Amino acid sequence: MASLSTQTILFLLSLQFVLIVSEDNGQREFDYFALALQWPGTVCQRTRHCCSSNACCRRSNAPTEFTIHGLWPDYNDGTWPACCSKSNFDEKKISTLHDALEKYWPSLSCGSSSTCHGTKGPFWAHEWEKHGTCSFPVIQDEYSYFLTVLNVYFKYNVTQVLEAAGYIPSNTEKYPLGGIVSAIENAFHTTPLLVCSKGSVEELRLCFYKDFKPRDCVVGSSSQNDVISSKSSCPHYVNLPAYDSLGKNFFTFLWVPSNEALMQHS
């Protein structure tokens with residue numbers, strides 16, 4: 001019998017992996033990606049406890065642009081897969097990306113996040129194990145997941161687009177929601193999903209086909225990480241608050257060691 005070619009062997013191994021994931025989780029392949037971005041001016045206003053892992057507490061180095069929450073594989077019916085393999089997060093695998101992740105994908109709270117295996121870990125561990133492992137076969141490993149997310153984030157620079165349209169951080173101005181949506185639509189040819197908290201933009205989500213071409217986001221009846229449609233969670237005029245971690249309230253925050261920090265919600 002002729003020996004199998006290397007290509008054939010690799011294909012069979014990949015197929016075996018897909019079957020294992022399917023049998024272990026009973027989850028079908030996802031339909032599209034949602035890139036979730038956080039607005040630190042809104043999220044950081046809730047900061048009451050500081051620790052070394054909380055980017056809101058970096059004083060002059062605190063983030064002032066949209067930062068990454070995660071890249072989520074979703075279904076068109078509004079549901080999503082989660083924890084699709086037994087792949088544990090290993091920070092060593094993304095060591096060369098560490099500086100970029102700290103700047104553009106930081107944690108905006110103290111404490112540890114839940115992982116898929118009943119343990120606690122850093123923010124990145126939660127995003128990889130819950131969402132990244134479900135990105136197969138488009139993204140096949142931890143390093144590729146984080147690198148892909150950074151590249152998509154840089155290519156679709158939401159902060160830059162909004163600033164060019166005149167939507168800059170302000171604690172006094174209110175901006176038309178329709179204007180923000182239109183600015184994104186004109187730049188990327190896709191309708192984003194906005195999530196607001198008390199009238200302030202908290203998250204902005206861009207959606208993509210599996211080849212990372214933009215598509216409109218789907219709003220289903222279910223909620224993932226408090227997904228709410230723009231119409232119901234955002235008023236007609238919204239805030240895009242600035243956050244000054246050197247402000248008068250900064251030194252009233254309680255600093256706690258990272259290993260004793262409060263649990264963060266995800």
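What counts and how
- Residues numbered from 1 in each chain as written.
- Predicted model: local features only at pLDDT ≥ 70, side-chain atom pairs only at ≥ 80, totals over all residues.
- Heavy atoms only, no water.
- Helix = DSSP H or I, 4+ residues; strand = E, 2+ residues; numbered from the N terminus.
- Contact = heavy atoms within 4.5 Å.
- Areas by Shrake-Rupley, 256 points an atom, 1.4 Å probe, with all protein chains shown as cover.
- Disulfide = S-S within 2.5 Å.
- Buried < 20%, exposed > 50% of the residue type's maximum accessible area, 1.4 Å probe, protein only.
- Axes fitted to C-alpha atoms, helices over the stretch in contact; angles between N-to-C directions.
- Parallel < 35°, antiparallel > 145°, perpendicular 65-115°, else oblique.
- Nonpolar A, V, L, I, M, F, W, Y, C, P; charged D, E, K, R; others polar.
- Expected span 1.5 Å × (residues − 1).
- Arc of directions from axis to C-beta.
- Polar contact = N/O pair within 3.5 Å; in protein donor to acceptor, adjacent residues only side chain to side chain.
- Salt bridge = Lys/Arg side-chain N within 4 Å of Asp/Glu carboxyl O.
- Phe/Tyr/Trp six-rings, centres within 6.5 Å; stacked < 30°, edge-to-face > 60°.
- Lys NZ or Arg CZ within 6 Å of the ring centre and 35° of its normal.

Engineer: Can you explain the overall build of the protein? Please cite residues and give values.
Structural biologist: Each helix and strand in the protein was counted, giving eight helices and eleven strands. Considering only residue pairs separated by 6 or more positions, the protein has 78% of its internal contacts joining residues 24 or more positions apart. A total of about 13700 Å² of accessible surface is found on the protein, and carbon and sulfur atoms cover 53% of it.

Engineer: Please set out the state of the cysteines residue by residue, giving values where relevant.
Structural biologist: According to the stated counting rule, one finds seven disulfides in the structure shown. With a sulfur-sulfur separation of 1.9 Å, Cys 44 is cross-linked through a disulfide to Cys 56. Where Cys 44 bonds to Cys 56 through sulfur, the torsion about that S-S bond is close to -75°, and the disulfide is left-handed. Taken as a pair, Cys 44 in the loop between α2 (40-43) and β2 (49-50) and Cys 56 in the loop between β2 and β3 (67-74) lie far apart in primary sequence, twelve residues in all. Accessibility assignment for this pair places Cys 44 and Cys 56 in one class, buried. Between the sulfur atoms of Cys 196 and its disulfide mate Cys 234 the distance is 2.0 Å. Between Cys 196 and Cys 234 the sulfur-sulfur dihedral comes to about 95°; the bridge is accordingly right-handed. Remark: Cys 234 occurs in the loop between α8 (230-233) and β10 (237-240) and Cys 196 occurs in strand β7 (residues 193-197); sequence separation between them is 38 residues. The class for Cys 196 is buried, based on a relative accessible area of 10%.

Engineer: Summarise the packing of helix α4 (residues 123-130) against helix α5 (residues 142-155); cite the residues concerned and give the values.
Structural biologist: Between α4 and α5, the shortest axis-to-axis distance is 11 Å and the interhelical angle comes to 105°. In terms of their interaxial angle, α4 and α5 are classed as roughly perpendicular. Across from Trp 124, Glu 127 and Trp 128 in α4, the residues of α5 making contact are Glu 142, Tyr 145 and Phe 146. Of the residues assigned to the contact of α4 with α5, the class counts are four nonpolar, no polar and two charged.

Engineer: Kindly report on α5, identifying the contributing residues and their values.
Structural biologist: Across its 14 residues, α5 extends 20 Å between first and last C-alpha, which sits within 8% of the 20 Å expected from 1.5 Å per residue. Within α5, the full set of buried residues consists of Glu 142, Tyr 145, Phe 146, Val 149, Leu 150, Val 152 and Tyr 153. Burial along α5 is one-sided: seen end-on, the buried residues are contained in an arc of 165°. Packing partners of the buried residues in α5 comprise β1 (32-38), β3, α3 (98-104), α4 and β8 (200-208). Near the N-terminus of α5, the side chain that reaches the backbone nitrogen of Tyr 143, with its oxygen 3.2 Å away, is that of Asp 141.

Engineer: Lay out the side chain of Glu 202 in plain terms, naming residues and giving numbers.
Structural biologist: Relative to the helices and strands, Glu 202 resides in strand β8. At 2.8 Å, the side chain of Glu 202 and the side chain of Arg 46 are in polar contact. Beyond its immediate chain neighbours, meaning those up to four positions away, Glu 202 contacts Leu 37, Gln 38, Trp 39, Thr 42, Val 43, Arg 46, Val 195, Cys 196 and Ser 197.

Engineer: Tell me what's going on with the pattern of salt bridges, and back it up with residues and numbers.
Structural biologist: Taken as a whole and judged by the stated rule, the model has five salt bridges. In this structure, the salt-bridge partner of Asp 77 is Arg 28, at a minimum N-O distance of 3.5 Å. You can see Asp 77 sitting in the loop between β3 and α3 and its partner Arg 28 sitting in the loop between α1 (6-25) and β1, a full 49 residues away along the chain. A relative accessible area of 43% means that Asp 77 is categorised as partly exposed. Here Arg 28 falls in the partly exposed class, since its relative accessible area comes to 48%.

Engineer: Tell me about the packing of aromatic side chains, and please be specific about residues and values.
Structural biologist: Taken as a whole, this structure holds 15 aromatic pairs when the rule is applied. Ring centres of Tyr 167 and Tyr 175 lie 5.3 Å apart, and the angle between their planes is 80°; on these two criteria the pair is classed as edge-to-face. Across this residue pair, the class does not change: Tyr 167 and Tyr 175 are buried. Among the aromatic residues, ring-to-ring pairing joins Phe 30, Phe 33, Tyr 156, Phe 188, Phe 208 and Phe 212 into one connected group. The residue whose ring lies beneath Lys 210 is Phe 30, and the NZ or CZ to ring-centre distance is 5.0 Å. Looking at Arg 215, its charged tip hangs above the ring of Tyr 32, at a distance of 4.1 Å from the centre.

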